[in-house]
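# Close look at the chain arrangement
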Amino acid sequence: LSSIEKELSDISFQRRIKFLLRDANKKKSDIVFKKIPREFKERIFEKIRFSNYDSTNIKIILTKKKKEFVTDQLIFDFIDKKIEKSFLIDLLKIVYDLRNKKVPISGDDLKKVGFNEGKLIGKALEELKVWWIRNNYKPNKKECINFCKSILPGSKRG
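Residues numbered from 1 in each chain as written. Predicted model: local features only at pLDDT ≥ 70, side-chain atom pairs only at ≥ 80, totals over all residues. Heavy atoms only, no water.

### Overview of the confidence of the model for the protein chain
As a reminder of what qualifies: A residue's pLDDT is the confidence the predictor assigns to it, expressed on a 0 to 100 scale. Any two residues whose heavy atoms approach within 4.5 Å are treated as being in contact.
Per-residue pLDDT for the protein chain has a mean of 87; in total, 94% of the residues score no lower than 70. Low pLDDT, under 50, characterises residues 154–158; the stretch is placed with seven contacts to residues that sit more than four places away or in other chains.

### Here we look at the packing of aromatic side chains
In plain terms, the rule: Any two of the Phe, Tyr and Trp rings considered here, Trp counted by its six-membered ring, make a pair once their centres fall within 6.5 Å; the pair's planes then place it as stacked at under 30 degrees, edge-to-face at over 60, or tilted in between. The classification of residues rests on relative accessible area computed with a 1.4 Å probe and restricted to protein chains. Under 20% of the type maximum is buried, over 50% is exposed, and intermediate values are partly exposed.
Taken as a whole and assessed by the stated rule, the structure comprises six aromatic pairs. Between phenylalanine 50 and tyrosine 53 the ring centres are 5.3 Å apart and the planes differ by 40°, which places this aromatic pair in the tilted class. Here the two residues phenylalanine 50 and tyrosine 53 agree in accessibility, since each one is buried. In textbook terms, an aromatic cluster arises when at least three aromatic residues are bridged by ring pairs, as seen for Phe50, Tyr53 and Phe87.

### Things to note about the pattern of salt bridges
Heads up, the condition is: In what follows, salt bridge is the name for a side-chain nitrogen of Lys or Arg lying within 4 Å of a carboxyl oxygen of Asp or Glu. By the criteria applied, helices consist of DSSP H or I runs no shorter than four residues and strands consist of E runs no shorter than two, each listed in order from the N terminus.
As enumerated under the stated definition, the model contains 17 salt bridges in all. Put simply, lysine 85 and glutamate 7 hold a salt bridge, and the shortest N to O gap is 3.0 Å. Here lysine 85 is found in helix α7 (residues 85–97), whereas its partner glutamate 7 is found in helix α1 (residues 2–8), with 78 residues between them in sequence. Here lysine 85 falls in the partly exposed class, since its relative accessible area comes to 32%. Each of Glu5, Asp10, Arg15, Arg16, Lys18, Arg43 and Asp72 takes part in one network of salt bridges that share partners.

Spelled out as structure tokens, the structure:
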């Protein structure tokens, strides 16, 4: 772990602790974990299982998980020989370079086209985010609204 971190110029004390504890029988209620900050505890307990390592999947995961969690798991997967070093480097470039791109519409825009507040808007925005990423962040506001209209309950998917 320390040699790949040095090579990547991404050394993390928290990642090293997480690595050492990753196979331990740990519970959030253990006395040891009561004394550490919530963010650190989150990082220690967060595990990501990649269904595949393609760039689109990594980008989608990054909409839901913190960059350091994704980075930790990719490095651990390299150490566990699930991915090659060159592939790890390519994937980490995606993680490091990804700006928090913002979907061109909001919940307010969805209300204007017939969505009710609450879970329906959240679900539509999640589906939209995945669709938008799969389309390489290219769809504009109008195209995003049309996509969301196509997923309104009772309408046919476009």
